[in-house]
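# Results of the structural survey
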Amino acid sequence: MDTMLQSMRRSLYSFLKMNIKETKLNYSVVYPGRVSPQIHYKSIPEHVKCPPYYMTGKPSQQYSIDIKSEEEIARLRRTCKLAKSILNQCQELIKPGVTTDEIDKLVTQLSFDAGAYPSPLNYRKFPKSVCTSVNNCICHGIPDDRPLENGDIVNVDVTVYRENVHGDCSFTYMVGDVDASGKRLIEVSQQSLQVGLDHCGPGKPFSGIGKAIEEFLMTTEFSGVPAFTGHGIGSYFHGPPDIYHCRNDYPGMMSPGMVFTVEPAVSEGTSSLQILRDGWTAVTKDNSRSAQFEHTILITDDGYEALTV
Ligand code: MF3
Ligand code: CO
Ligand code: CO
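Here's what I pulled together on the structure shown here. (Residues numbered from 1 in each chain as written. Chains lettered and ligands numbered in written order. Predicted model: local features only at pLDDT ≥ 70, side-chain atom pairs only at ≥ 80, totals over all residues. Heavy atoms only, no water.)

### Considering the overall build of the protein
- The number of helices and strands found in the protein is 5 helices and 15 strands.
- In terms of C-alpha radius of gyration, the protein reaches 19 Å, essentially the compact-globule figure of 19 Å for 309 residues.
- In the protein, which comprises 309 residues, the proportion classed as buried is 53%.
- Within the protein, contacts between residues separated by at least 24 positions form 73% of all contacts whose residues are at least 6 apart in sequence.
- Of the roughly 13900 Å² that the protein leaves accessible, carbon and sulfur atoms contribute 55%.
- Across the protein, the centroid of the 30 positively charged side chains sits 3 Å from that of the 36 negatively charged ones. (Helix = DSSP H or I, 4+ residues; strand = E, 2+ residues; numbered from the N terminus. Rg over C-alpha atoms; globule rule 2.2 N^0.38 Å. Buried < 20%, exposed > 50% of the residue type's maximum accessible area, 1.4 Å probe, protein only. Contact = heavy atoms within 4.5 Å. Areas by Shrake-Rupley, 256 points an atom, 1.4 Å probe, with all protein chains shown as cover. Lys, Arg positive; Asp, Glu negative; His and termini not counted. Charge placed at Lys NZ, Arg CZ, Asp CG, Glu CD.)

### A look at the coordination of the cobalt ion (ligand 3)
- Within the first shell, the cobalt ion (ligand 3) binds the protein through Asp168 (OD), His231 (NE2), Glu263 (OE) and Glu294 (OE), at distances of 2.0 to 2.2 Å.
- Note that the cobalt ion (ligand 3) binds 6 donor atoms; their angles at the metal cover 52 to 162 degrees, and the shape is irregular.
- Metal-to-metal, the separation of the cobalt ion (ligand 3) and the cobalt ion (ligand 2) is 3.2 Å; Asp168 coordinates the two. Here the residue His231 occupies a position in strand E7 (residues 230–232), and Glu263 occupies one in the loop between strand E9 (259–262) and strand E10 (265–267), the gap between them amounting to 32 residues. (Donors = N, O, S within 2.8 Å, 3.2 Å for Na, K, Ca; no water. Tetrahedral: all angles 85-135°; square planar, octahedral: opposite > 155°, others 65-115°.)

### A look at the coordination of the cobalt ion (ligand 2)
- Coordination of the cobalt ion (ligand 2) by the protein comes from Asp157 (OD), Asp157 (OD), Asp168 (OD) and Glu294 (OE), over a distance range of 2.0 to 2.3 Å.
- Considering all 6 donor atoms around the cobalt ion (ligand 2), angles at the metal cover 59 to 166 degrees and the coordination shape is irregular.
- One chain supplies every donor to the cobalt ion (ligand 2), and in sequence these donors are spaced D-x10-D-x125-E.
- For Glu294, a relative accessible area of 2% puts it in the buried group.

### Some points on the nonpolar core
- Core analysis: the largest hydrophobic core is formed by 26 residues, its most contacted members being Cys200, Ile209, Met254, Phe260, Val262 and Ile299.
- For this core, the elements supplying multiple residues, two or more each, are helix H4 (180–197), helix H5 (207–218), E9 and strand E14 (295–300).
- A per-element tally of this core places H4 first, with 6 residues.
- Residues Ile94, Ala116, Val130 and Tyr173 belong to the second largest nonpolar core, which totals 21 residues. (Core = buried A, V, L, I, M, F, W, Y, C linked by side-chain atoms within 4.5 Å.)

### Let's talk about the sheet that holds strand E11 (residues 273–275)
- Across the sheet, 3 strands lie side by side as E3-E12-E11; this open sheet has antiparallel pairing. Since the sheet does not close on itself, it has two edges, and those belong to strand E3 (137–139) and E11, each with one partner. Between one strand axis and the next, the sheet turns by 40 degrees as a mean value, whatever way the strands run.
- Where E11 meets strand E12 (residues 282–284), 3 bridges bridge the pair, whose relative direction is antiparallel. Pairing of Leu273 across the sheet is with Thr284, part of E12. (Pairing = 2+ DSSP bridges. Axes fitted to C-alpha atoms, helices over the stretch in contact; angles between N-to-C directions.)

### So, unusual backbone geometry
- Pro241 follows Pro240 through a cis peptide bond whose omega is 5 degrees.
- Mapping Pro241 onto the fold places it in strand E8 (residues 239–243).
- Although it is not a glycine, Asn122 adopts a positive phi angle of roughly 65 degrees.
- Tracing the chain through its elements places Asn122 in the loop between strand E1 (117–118) and strand E2 (131–134).

### Structural notes on the packing of aromatic side chains
- Using the criterion set out here, one finds 10 aromatic pairs in the structure.
- On the basis of an interplanar angle of 35 degrees and a centroid distance of 4.9 Å, the ring pair of Phe171 and Tyr173 is categorised as tilted.
- Overall, Tyr173 belongs to the buried group, its relative accessible area being 4%.
- Seen from their ring centres, Phe206 and Tyr250 are 6.1 Å apart, and the 75 degrees between their planes marks the pair as edge-to-face. Here Tyr250 lies in the loop between E8 and E9 and Phe206 lies in the loop between H4 and H5, a separation of 44 residues in the sequence.
- In textbook terms, an aromatic cluster arises when at least three aromatic residues are bridged by ring pairs, as seen for Tyr53, Tyr117, Tyr123 and Phe237. (Phe/Tyr/Trp six-rings, centres within 6.5 Å; stacked < 30°, edge-to-face > 60°.)

### What about the state of the cysteines?
- Per the stated rule, a full pass over the model turns up 0 disulfides.
- With no disulfide of its own, Cys90 lies closest to Cys169 among cysteine sulfurs, the gap being 9.4 Å. (Disulfide = S-S within 2.5 Å.)

Written out as structure tokens, the structure reads:
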């Protein structure tokens, strides 16, 4: 529950922002553009080992939280490291004029070159290899022909599959000069991931992550987006546990050998969202910007290890 002071501060912030928005936005509201044709599974290079859903789009269900063996952890370390390396290489493309489709082509090429499958491709029929979410898009943005503009913020979410396991990470980049509130949004969203990670370790409750993130965001001018959760990951892309980024009573404790993601999305305005007709693109209802950072982590005997480094 907000204290009186916190709620007064929040309404003052939103009042001030409302008035700023009425005068002039410092960024573009983004709408989906043209999506280039999906890669056909028959044109995936033969040396790439594909996940079970690559043809049908239907992943197999994972019902329980699995404890990874040392051997699987070694594979996860390598795959997660590759995901982060591809994500880092995307940074070089982040400049005005570059389309998100070009980012997608780079992720596809780097994945194939490394003998990996870009996990989003045809996952539940997602049409591209990476999610690119610009400004008011919260997550699951589909790469298209829109060129990045000076002042944009763009989340690039890279997941790859190699050695029979997935590694998942994302980062929000600035395109050219971003206004002060956009910079602050990115900073707070990165901090909220760290706050979540600070509550990860053996014997700690899963629910502690969201509680800490919510309490942290309460002290800022921004709000969390509760609709999207982190997830267990391994031989499957998404499975239990669900990692809430808000107050919750999800049961259970973390144990050594568990691997999951933490990926809080933070909005400059409302936390309510709309999924566009493409079935994927999640945008804020008030067109405010959203930022997100994600790591895949392993619970160890004495804390956690970020694998996407
Ligand atoms: N990488 C996203 C996550 O963090 C999931 C994307 S699902 C996709 O969980 F199909 F859109 F790729
Ligand atoms: Co991701
Ligand atoms: Co994820």
